[in-house]
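An overview of the molecular structure
Now for the letters of each chain:
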Number of protein chains: 2
Amino acid sequence: MASHWEDFYSQHLPPSDFEDNRTLLKEFCERHNNSGERIALITSGGTTVPLEHNTVRFVDNFSAGLRGAASAEYFLDHGYVVIFMFRLKSLEPFTRHFSGQKFMDMLELNDRGPNTTITVKPDSVDILAPILARYKVAQEGGRILYINFTTVQDYFWLLRAACECLAPCGSKALLYLAAAVSDFYIPSNEMPTHKIQSDGGPPIINLQLVPKLLAPLVNLWVPQAYVVSFKLETDENLLVSKARDALKKYKHKLVIANLLQTRRHKVTFVTIDDSFEISLTRDQTLSGIEIEDIIVSNVVLHHTDFIHCDQY
Amino acid sequence: MASHWEDFYSQHLPPSDFEDNRTLLKEFCERHNNSGERIALITSGGTTVPLEHNTVRFVDNFSAGLRGAASAEYFLDHGYVVIFMFRLKSLEPFTRHFSGQKFMDMLELNDRGPNTTITVKPDSVDILAPILARYKVAQEGGRILYINFTTVQDYFWLLRAACECLAPCGSKALLYLAAAVSDFYIPSNEMPTHKIQSDGGPPIINLQLVPKLLAPLVNLWVPQAYVVSFKLETDENLLVSKARDALKKYKHKLVIANLLQTRRHKVTFVTIDDSFEISLTRDQTLSGIEIEDIIVSNVVLHHTDFIHCDQY
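Residues numbered from 1 in each chain as written. Chains lettered and ligands numbered in written order. Predicted model: local features only at pLDDT ≥ 70, side-chain atom pairs only at ≥ 80, totals over all residues. Heavy atoms only, no water.

To keep it simple, the criterion reads: UniProt positions are given in the numbering used here, feature names are shortened, and annotations may be inferred rather than shown by experiment.
An unreviewed UniProt entry lists chain A under the name DNA/pantothenate metabolism flavoprotein C-terminal domain-containing protein, with Acanthoscelides obtectus as the source organism. Recorded under Sequence similarities (unreviewed entry), the UniProt text for chain A is reproduced unchanged: "Belongs to the PPC synthetase family."

Right, dumping it as structure tokens:
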């Protein structure tokens, strides 16, 4: 049995920087709601489940955060402002294109003592310039807010706080829940303080199911918002049926279902009475089109319809 | 009971890019052994333990990889060539100083159509220039080889292959085993193929202890090399005693022991008949000195003594 969501909050403390993040979220939502903007909350990356209070070991979910990071760029392109709520160290919009050594290799050092300069090599400028331009527009216009989490407990606290700030935006708020949230956790009172010693044989891990936040989120926190959840499976036979089950249970608008093996070029949009596949053609893949470009365009169309229905 | 190391290799396949990495390791070690260089193999970052064959979930170790990444830079400064064997996405030498947005914020876009240039802002040049210079010396001189792993199984295969290539270097080889290797794993034949479903209640995870590779490494694979292992604990009372136990058991040269809570400014060097603490003063910390700078200087002194003893 999953614990109840209210019990989860009463048993786990908020992260230490919680109040700062809540202030940032509140200011961001109020500012953009006042100017009538559409706001997308994007969650991205996996959550960890600590096995010890002084955390050395944890259970993690597979997720680099590419889906969320890429989608954030496309929502900005469609005129949305974006709350990017991501797992620390997972991919981020814009910087995702230049990780690690790629960045150092693009740079040219012109060593002239006190007049030393560093420039981007001409052949890298073509790739970097358009991305840097979009980054600066989002950054300088205050159109993106970065909020990070690590554990599933952090995620729970931040997601609820974001919803409270988004509620006044009504149907203009879109929740795009792409984070790979753990299904289970170790209750705080069952967690050892120190690193589990291996001398006594392999550790035994007592896991408990996490409460499903979609239920209070859709019904209580942001009842007017457009809510999209994601479902990742490895077994194709379960894909649509499990997505439909989730829609019936939580009553949100859209599940984007995908298989681990094919998720970079194929997803299935599942609504309560329809399902259709979106996939990249070989030509699209070769020309560098990302599936998130097409996913976001479709989600924006659905969201636009939803806002219009809400208004009339 | 831990499984035997030979059984571990017979039960787990090498990673798919194993042969490519083995070729790179062999070429690197032969080239630098021929020119009489000292070679440091640095392992860095945590290893994952997959819970499913189509991996969605895994157990992970806490480790950003800062110790290994910083140490690699200082070994290069001391004239060593370096094999940097790291967990994919953990910190890397040089690039560790400029992760994520820091990099984008350093850049200035000078939009002039086809003559667009991108330069590093003058106030960032001071910080970036010396690091970029060291990076380019290492890179262009072929003085560093990057090899990455993700799972504990990958790590096992790559570490043994590196040892086989290092053996001919004798006492000039130094192994600096800073990676946080998992103590346990799920045997391949007990792992489910698909993502564990949460409908049936929380999953039960059957863990097995991993064999300790230090035993065959010290005795069989690189018997002439200088081997340093690391020990991370959260309980100060266990720190030196557990380090000494490891030295007695595996017969290597040095354990660098540290507490999770204080590891950024204090470590303890433990040899079979001695132990001493290295810590940063407040002034050193404020002036930006890293403890890895001092750790590596001390390890290099020990290694130099060791090489001389070996020669006479």
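Here the narrative resumes.
1. A short note on the overall build of chain A
For clarity, the threshold we go by: Helix and strand definitions here come from DSSP, where helices need a minimum of 4 consecutive H or I residues and strands a minimum of 2 consecutive E residues; each element is numbered from the N-terminal end. Radius of gyration here uses only the C-alpha atoms, and the compact-globule reference equals 2.2 Å multiplied by the residue count raised to the power 0.38. Partly exposed residues are those whose accessible area sits between 20% and 50% of the maximum for their type, while under 20% is buried and over 50% is exposed, using a 1.4 Å probe and protein chains only. Every residue pair with non-hydrogen atoms within 4.5 Å of one another is taken to be in contact. Here the accessible surface of atoms and residues is derived via Shrake-Rupley with a 1.4 Å probe, and residues count as covered only by protein chains that are part of the display.
Across its full length, chain A carries 10 helices and 14 strands. Its C-alpha atoms give chain A a radius of gyration of 21 Å, near enough to 20 Å, the size a compact globule of 312 residues would have. Taken over the C-alpha atoms alone, chain A extends approximately 65 × 60 × 40 Å along its principal axes. Evaluated residue by residue, chain A yields a buried proportion of 55% over its 312 residues. Once local pairs closer than 6 in sequence are excluded, the contacts in chain A between residues at least 24 apart make up 73%. Element-wise, carbon and sulfur atoms account for 51% of the exposed surface of chain A, whose accessible area totals about 13,500 Å².

2. Description of the sheet that holds strand S2 (residues 49-50) of chain B
We apply this condition: Paired strands are those between which DSSP finds at least two bridges.
Read from one edge of the open sheet, four strands run S2(A)-S3(A)-S3(B)-S2(B), paired in antiparallel fashion. Taken across any chain shown, the strands that pair with only one partner, and hence form the sheet edges, are strand S2 (49-50) of chain A together with S2 of chain B. Relative to strand S3 (residues 57-61) of chain B, S2(B) runs antiparallel, the two being bridged by two bridges. Across the sheet, residue B:Val49 finds its bridge partner in S3(B), namely B:Val59.

3. Describing the packing of aromatic side chains
Quick reminder of the rule: Note on aromatic pairs: the rings of Phe, Tyr and Trp (six-membered ring only in Trp) are paired at centre separations within 6.5 Å, and the planes decide the class, stacked below 30 degrees, edge-to-face beyond 60, tilted for the rest. Two thresholds decide whether a charge sits over a ring: the Lys NZ or Arg CZ must be within 6 Å of the ring centre and within 35 degrees of the ring normal.
With the rule as written, the count across this model stands at 43 aromatic pairs over all chains. Seen from their ring centres, A:Tyr155 and A:Phe156 are 6.5 Å apart, and the 65° between their planes marks the pair as edge-to-face. Given the relative accessible area of 1%, A:Phe156 is considered buried. Taking 5.1 Å as the distance between ring centres and 80° as the angle between the ring planes, the aromatic pair formed by B:Phe75 and B:Tyr176 counts as edge-to-face. Residue B:Phe75 is found in helix H3 (residues 66-77), and its partner B:Tyr176 is found in strand S8 (residues 173-177); the two are separated by 101 residues along the sequence. By relative accessible area, B:Phe75 is classed as buried at 0%. An aromatic cluster of three or more residues is present, and its members are A:Trp5, A:Phe8, A:Tyr9, A:Phe18, A:Phe149, A:Tyr155, A:Phe156, A:Trp157, A:Tyr185 and A:Trp221. A cation over a ring is seen here: A:Arg160 above A:Trp157, with NZ or CZ 5.3 Å from the ring centre.

4. Let's talk about the sheet that holds strand S4 (residues 81-87) of chain A
Residues and elements named next belong to chain A. To keep things clear, this is the line we draw: Here an axis means a line fitted to C-alpha atoms, over the contact stretch when the element is a helix, while the angle between two N-to-C directions is reported on a 0 to 180 degree scale.
Read from one edge of the open sheet, eight strands run S7-S4-S1-S8-S11-S12-S13-S14, paired in mixed fashion. If you trace the sheet from one side to the other, it starts and ends with strand S7 (144-149) and strand S14 (274-279), each paired once. The average angle at which neighbouring strand axes cross in this sheet is 15°, direction not considered. Where strand S12 (residues 254-259) lies against strand S13 (residues 266-271), three bridges are found, and the strand directions are antiparallel. Residue Ala257 lies in a different strand from S13, and its bridge partner there is Thr268. Running at roughly 175° to strand S1 (residues 39-44), helix H6 (residues 152-166) makes contact with S1, S4, S7 and strand S8 (173-177) of the sheet.

5. Concerning the nonpolar core
The test is simple: Grouping buried Ala, Val, Leu, Ile, Met, Phe, Trp, Tyr and Cys residues that are joined through side-chain atoms within 4.5 Å yields what is termed a nonpolar core.
Residues A:Leu166, A:Leu175, A:Leu217, B:Leu166, B:Leu175 and B:Leu217 are the most contacted members of the largest nonpolar core, which totals 114 residues. In this structure A:Leu166 touches A:Cys29, A:Ile39, A:Leu41, A:Ile83, A:Ala173, A:Leu175 and A:Val222, once residues within four positions along its chain are discounted. Judged by nonpolar contacts, the second largest core, of 94 residues, contains A:Ile118, B:Phe94, B:Ile131 and B:Phe269.

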